[in-house]
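Residues per chain are reported as follows:
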Amino acid sequence: MAAKHKTSLWHLLCRAGVSYRQGSCYSSRYVAVPKVLQGQGQSSRVPRRDTHTLRPDVGASYRELYDTSVQDPDTFWGSIARDRLLWSKAFTQVQNCDITQGRISWFLGGQLNVSENCLDLHARRNADRVALIWERDEPGTELNITYGELLETTCRLANTLKRYGVQKGDRVAIYMPVSPMAVAAMLACARIGAVHTVVFAGFSAEALSGRIQDAQCKAVITCNQGVRGGRVIELKKTVDVAVKTCPTVRQVFVAQRTDTRVPMGRLDVQLEEEMAKESPECKPVPLDSEDMLFMLYTSGSTGKPKGIVHTQAGYLLYAALTHQYVFNYQQGDVFGCVADIGWVTGHSYVVYGPLCNGATTVLFESTPIYPDPGRYWETVQRLRINQFYGAPTAIRLLLKYGEDWVNKYDRSSLKTLGSVGEPINHEAWEWFYNVVGEGKCPLVDTWWQTETGGICISPRPSEEGAEILPAMAMRPFFGVQPALMDEEGNTLAGNDVNGALCLSQPWPGMARTIYGDHQRFVDAYFKPYPGHYFTGDGAYRSKEGYYQITGRMDDVINISGHRLGTAEIEDALDEHPDVPETAVVGIPHDLKGEAAFAFVVLKDNVSLSHSNIHKELKALVSSKIAKYAVPDDFLIVKRLPKTRSGKIMRRVLRKIAMDQTGDLGDVTTLDDPSVITEIVDVYNQYKSLSPKS
Ligand code: PRX
């Protein structure tokens, strides 16, 4: 796709109220590569060693390729990595993994630069090809950013970071709205070997500060404000509060998203002004395959959020390959993943996968219902989106508004639909497939995790025309070998079985460690089922041998596709001076998939009214984590059901919260079973006061 109207990032930022030195709005020249090579990333420096023919584009069947990928992963991944990535130095060993120890290394001895693969490679071929379409909050105000423009912006930003002392290996927090500057910030870090940690711009100051502290970030990149759903979000204010408790932060770089000037303090640097002083070129630093690329904090069942670490080559290759094959992305397509860049979906399928493939990728800044529930489909029509990738929670919300909001708009550009983040229920799947896609586009339910780097189980890739069953992730991607385990840790053979979902073989995209705590990484993922990576999810293998994810097996809940440990919410609630103990469980929710339900024990003689306590507890969760983490229900109880060894029996609380009090299962191990009647009575009272439809 060529630029519709050529808009440099400089121009658009100028329009957003930033003044530049004269001449800073750029013009650049790019050196064309003499021969446009087939495929994505053939190296111009390292000669191709194309002796293998196991590329997924040579006509072998999915089954054959899959079998090779698991039986001979070195040949499979080695040949694809040589073929598709631009290497500064060829790797000498495809992998050195021992998953019993949590040791995962791919493409050893090799060096490359991710930003060069995502930008320079494509800019050299055609600098005017559109890299990003920034679908800003107000419909109809989208901006196209070409590969040439994004490369220049990235280089200027990288040079700015360098000038302020950010070096290879330093961590940089990015707290920004979905925007080209945020993408440039990620790629600028990648260009100089700094490690980015993007924090979702909906997280509170305290959550942001916790992540910055854990990662010991040297710098933060943010915006003055964000704009979403017609509302202004005070990002810089949040950062100001957060960095007060972050002694490692030396600079806060502030980009301008709106015209509003915000107070600037001792650490603050106006980003665009500094970038304007910089050279538009910045040599990409060759990095070892296993140098860190980024970390992303995600919730586990215990403790604080963990910094999941991804490295350079393996992650990039896996994101790019899955992007192409799961969605059947073709050169020239407009790829529309509406996730926020603060989540792993945004990393892999808004930024790294599409850009590595030279795609045009949409940055969606708004919400599904702004200014009305037709927003997604109006955007599809206006931008001629070919692949649309979103979350079930949004689909469930939109289907309630009816089909007219969809039918109003031309969706004939759509070729593939995708769903991610949580199980998609049948009703949502059918609506997405039949109403949005008019039954013409394959709908891929993609299962994966922050830790897996990219999609691991999904109906595609498979032969054209192979069956896709509704609401099922179905088939493993190349190199992924699922196993289901029983409670004793035995691998379940055959079909029509339910078990703990493990992946039995390393693949290049998998996480390498938890930042600063490798033992936690080993304990969480590799100890439960020795010799396997444990996902934390349960799954069913159908009679046909397809996989269906049944949900988390641990104390992690999934609210609107966002993962959260119940322990994190409890920790926030327990900070209330009148609250000695709480238990939070996840229960099904029509729109959000799951919602948090909190059981709260109060100290004796608390003077505050229950409604005031509720208000304070809500405010606590919102300020300690984020608004989306606030429980929908609070039930004040005298005590919690505990086993004789003192463990809270959450299973019982979940049943009560789901109004299934007639079937509580085995409660014989409870220290005092009478607690159940107590809680059920309070619950029934609560229900009668706030009946739910
Ligand atoms: O429980 C699974 C659920 O989301 C978890 C991973 O969350 P996160 O790391 O935040 O990444 C979300 C985006 C990849 C998984 O352990 N999950 C994700 N996709 C699906 C899913 N559950 C069912 N079906 C899916 N397609």
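On a predicted model such as this, the values are computed, not experimentally measured, just so you know.

Quick notes on the rules
Residues numbered from 1 in each chain as written. Predicted model: local features only at pLDDT ≥ 70, side-chain atom pairs only at ≥ 80, totals over all residues. Heavy atoms only, no water. Near = heavy atom within 4 Å. Polar contact = N/O pair within 3.5 Å; in protein donor to acceptor, adjacent residues only side chain to side chain. Helix = DSSP H or I, 4+ residues; strand = E, 2+ residues; numbered from the N terminus. Expected span 1.5 Å × (residues − 1). Buried < 20%, exposed > 50% of the residue type's maximum accessible area, 1.4 Å probe, protein only. Contact = heavy atoms within 4.5 Å. Axes fitted to C-alpha atoms, helices over the stretch in contact; angles between N-to-C directions. Parallel < 35°, antiparallel > 145°, perpendicular 65-115°, else oblique. Left-handed = near helix turned anticlockwise from the far one by under 90°. Nonpolar A, V, L, I, M, F, W, Y, C, P; charged D, E, K, R; others polar. Core = buried A, V, L, I, M, F, W, Y, C linked by side-chain atoms within 4.5 Å. Pairing = 2+ DSSP bridges. Right-handed = clockwise from strand over helix to strand, strands pointing away.

Focus: the site of the ligand
Now for step 1: Close to the ligand lie 17 residues, the nearest being Asp445, Thr446, Thr450, Asp537 and Arg563.
Now for step 2: Residue Pro423 places a main-chain N or O atom 3.5 Å away from a nitrogen atom belonging to the ligand.
Now for step 3: Counting only elements with at least two residues in the shell around the ligand, the list comes to α11 (344-356), β21 (443-446) and β26 (547-552).

Concerning helix α3 (residues 73-84)
Now for step 1: With 12 residues, α3 ought to run about 16 Å at 1.5 Å a step, and its terminal C-alpha atoms sit 16 Å apart, in line with that.
Now for step 2: The element α3 is largely enclosed, with a buried count of 10 among its 12 residues.

Describing the environment of Leu591
Now for step 1: On the secondary structure map, Leu591 appears in the loop between β29 (581-589) and β30 (593-601).
Now for step 2: A residue is classified by how much of its surface remains accessible, and Leu591, at 23% relative accessible area, is partly exposed.
Now for step 3: Beyond its immediate stretch of four places on either side in the chain, Leu591 contacts Thr393, Arg396, Leu397 and Lys400.

Points about the packing of helix α4 (residues 114-125) against helix α6 (residues 180-192)
How two helices sit against one another is set out by the angle between their axes and by the gap between those axes.
Now for step 1: It is the contact of α4 with α6, at a shortest axis distance of 7 Å, that shows an interaxial angle of 120°. Our classification of the angle between α4 and α6 gives oblique. With respect to the hand of their crossing, α4 and α6 are arranged in left-handed fashion. Contacts between α4 and α6 involve Val114, Ser115, Glu116, Cys118, Leu119 and Asp120 from the former and Leu187, Ala190 and Arg191 from the latter.
Now for step 2: Looking at the contact of α4 with α6 residue by residue, the classes come out as 5 nonpolar, 1 polar and 3 charged.

Here we look at the nonpolar core
Now for step 1: Counting residues in each nonpolar core, the largest one holds 166 residues, and the members touching the most others are Phe107, Leu150, Leu157, Tyr352 and Leu355.
Now for step 2: The leading source of residues in this core is α6, at 11 residues.
Now for step 3: Look past the residues within four positions of Tyr352 in its chain and what remains in contact with it is Val114, Cys118, Met186, Leu187, Ala190, His196, Leu293, Phe294, Tyr315, Leu316 and His347.
Now for step 4: Val338, Ile424, Val436 and Cys441 belong to the second largest nonpolar core, which has 30 residues in total.

Details of the sheet that holds strand β1 (residues 87-89)
Now for step 1: Spatially, β1-β4-β14 is the arrangement adopted by the 3 strands of the open sheet, whose pairing is antiparallel. Each edge of the open sheet carries a strand with a single partner, namely β1 and β14 (287-288).

Looking at the packing of helix α7 (residues 205-215) against helix α8 (residues 235-243)
Now for step 1: Running from N to C, α7 and α8 cross one another at 55°; their axes reach a closest spacing of 8 Å. The orientation of α7 relative to α8 falls into the category oblique. The handedness of the crossing between α7 and α8 is right-handed. In this structure, α7 uses Ala205, Leu208, Ser209 and Ile212 to contact α8, whose residues at the interface are Thr238, Val239, Val241, Ala242 and Val243.

Considerations on the pairing of strand β20 (residues 416-420)
Now for step 1: Of all 5 residues making up β20, 5 are buried, and the element is well covered by its neighbours.
Now for step 2: Residues Thr416, Gly418 and Val420 point to one face of β20 and Leu417 and Ser419 to the other, with burial holding for every one of them.
Now for step 3: As paired elements, strand β19 (residues 387-390) and β20 share 4 bridges and run parallel to each other. Across the sheet, the residue bridging to Gly390 is Ser419, located in β20.
Now for step 4: Bridge analysis of β20 against β21 gives 4 bridges, and the strand direction is parallel. Paired with Ser419 across the strands is Asp445, a residue of β21.
Now for step 5: In this region the chain leaves β20, passes through helix α15 (residues 426-436) and returns to the parallel neighbour β21; the handedness of that crossover is right-handed.

Focus on the side chain of Asp291
Now for step 1: Residue position: Asp291 is located in the loop between β14 and β15 (292-298).
Now for step 2: Looking at Asp291, its side chain comes within polar contact range of the side chain of Lys168, at 3.4 Å.
Now for step 3: Beyond its immediate chain neighbours, meaning those up to four positions away, Asp291 contacts Lys168, Thr311 and Gln312.

Structural notes on the sheet that holds strand β23 (residues 497-503)
Now for step 1: Pairing within the open sheet is antiparallel, and its 4 strands lie in the order β22-β23-β25-β26. In this open sheet, the two edge strands, each paired with only one partner strand, are β22 (482-485) and β26. Direction aside, neighbouring strands of the sheet carry axes that sit 45° apart on average.
Now for step 2: Pairing of β23 with strand β25 (residues 533-541) involves 6 bridges; the strand directions are antiparallel. Bridge assignment links Asn498 to a residue of β25, and that residue is Tyr540.

Focus on the pairing of strand β31 (residues 633-637)
Now for step 1: Among the 5 residues of β31, 5 are classified as buried, and the element is accordingly described as predominantly covered.
Now for step 2: With burial as the criterion, each face of β31 is covered, one bearing Asp633, Leu635 and Val637 and the other bearing Phe634 and Ile636.
Now for step 3: Pairing of β30 with β31, which is carried by 5 bridges, proceeds in the parallel orientation. Paired with Phe599 across the two strands is Leu635, which belongs to β31.
Now for step 4: The handedness of the β30 to β31 crossover, carried by helix α18 (residues 610-624), is right-handed.

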